[in-house]
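Chain residues, written in single-letter form:
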Amino acid sequence: MYSLPVRRSSGSAGEGRRVRGRPPNPQLQEERRNAIIESAYVVLTEKGYERTLMSDVARHAQVSNGTLYRYFDSKRELVDRIFDYAVTKAIAALNVDSVVDEIEATDREPLELITAFGSRLFALVDEDPAIIRVLTVESSAIDAELRWRVIGLLGLIDAGVAQLFERFAPESGADRDVWKMLSRMIVGMAGPGLAMSLAGDGTATTRAEFLSMMKSVATEGLLARVDGDAERDDNA
């Protein structure tokens with residue numbers, strides 16, 4: 001792999017090059033790579049892409065510049081790994097499948113998905129306010145390739161949530177199409193909720209009212225239309 005010429009740190013003798021006669025340790029290399037990515041994530045979320053320097057990342061990760069460039073050729077390559085790291089972190093925090101399983105096991109109403117999904121999104125923002133900015137605004141502004149990755153991620157989220165809601169939909173008929181529309185409405189309304197939290201308006205009361213409003217839109221809008229159609233069919 002191509003390595004940029006760098007000056008070795010005088011305080012890290014032997015770091016950044018293999019000790020003669022000692023075989024590389026794949027596990028240690030992977031651990032160090034992951035530690036660098038985590039440090040880069042912290043630095044980038046604090047300073048932004050343009051103001052982040054590779055030396056900042058090396059300093060935070062407590063490695064020499066030479067060691068950093070052994071693992072990543074450039075800041076742009078590192079940002080790709082930061083994006084992957086943020087996606088993995090968000091998916092693990094949301095863990096939407098477990099919510100669906102719980103709702104099915106306890107026979108709670110399907111629309112509890114809205115509350116459960118929304119609550120986990122809010123919790124994610126509370127724990128790591130910068131993660132949404134990294135996955136959307138920051139990544140989209142870097143270049144076209146990352147912008148398409150953001151678009152692809154949003155598409156995957158949309159399709160994934162649609163599949164979850166379809167597990168509660170009727171087997172066939174117009175009702176099933178309405179549940180698909182409902183899932184996409186939920187994804188679309190998640191954005192304003194996150195923006196509200198990021199702007200600092202994230203009190204428990206405000207969030208509860210927002211999630212309640214989302215459920216009202218579903219029950220009094222899309223699902224009310226289905227119930228009305230069913231009632232007319234019964235009276236026909």
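See the structure shown above.
Quick look at the structure, then.

So, how was this worked out
Position numbers for residues count from 1 along each chain, tracking the sequence in the order it is written. Since the coordinates come from a predicted model, pLDDT governs what is reported: local features require at least 70, and pairs of side-chain atoms require 80 or more to be given and counted, while whole-chain, interface and lining totals use all residues. To obtain the side-chain values, all non-hydrogen atoms of the structure were used and water was disregarded. Every helix listed is a DSSP run of H or I at least four residues long, and every strand listed is a run of E at least two residues long, numbered separately from the N terminus. The criterion used for residue contact is that any of the two residues' heavy atoms lie within 4.5 Å. The accessible surface values rely on the Shrake-Rupley method and a 1.4 Å probe; as for residues, cover is taken only from the protein chains in view. The term salt bridge refers to a pairing of a side-chain nitrogen on Lys or Arg with a carboxyl oxygen on Asp or Glu at a separation within 4 Å. Summary of the burial criterion: residues with accessible area below 20% of their type's maximum are buried, those above 50% are exposed, and those between are partly exposed, where the area comes from a 1.4 Å probe applied to protein chains only. Side-chain atoms alone can form a polar contact between residues adjacent in sequence; in general such a contact is a pair of N or O atoms within 3.5 Å, and within protein one must be able to donate a hydrogen while the other accepts it. For each structure, a 1 Å grid was placed over the protein atoms alone; sets of points admitting a 1.4 Å probe that cannot get out are labelled cavities, open sets with protein on both sides within 12 Å along at least five of seven lines are labelled pockets, and lining residues have an atom within 4 Å of a point. Grid points are joined across faces, edges and corners, and a volume is the space filled by probe spheres set on the points.

With that settled, consider the overall build of the protein chain. When you go through the protein chain residue by residue, the secondary structure sums to 10 helices and 0 strands. Counting from the amino terminus, helix and strand elements in the protein chain follow one another as α-α-α-α-α-α-α-α-α-α. Counting contacts in the protein chain only where the partners sit at least 6 residues apart, residues at least 24 apart contribute 68% of the total. Just so you have it, the protein chain exposes about 13,700 Å², and 53% of that area is on carbon and sulfur atoms.

The next thing to look at is the pattern of salt bridges. Tallied over the full model, the rule gives 10 salt bridges. The closest approach of N and O atoms between D56 and R59, which form a salt bridge, is 3.2 Å. Of this pair, D56 and R59 both sit in helix α2 (residues 54-61), 3 residues apart, which is roughly one turn of that helix. With relative accessibility at 11%, the residue D56 sits in the buried group.

Take the side chain of S64 next. By the secondary structure assignment, S64 is in the loop between α2 and α3 (65-71). Look at S64 and you get buried, because its relative accessible area is 6%. Here T67 takes part through its backbone nitrogen, which lies 3.1 Å from a polar atom of the side chain of S64.

Over the atoms a probe the size of a water molecule is rolled, and this reveals where empty space is left. Computed from the structure, the largest pocket encloses a volume of approximately 760 Å³. Mapped onto the lining of the largest pocket, the elements with two or more residues apiece are α4 (75-94), α5 (96-105), α6 (112-127), α7 (130-142), α8 (144-166) and α9 (174-198). No other element matches α8, which puts 7 residues into the lining of the largest pocket.

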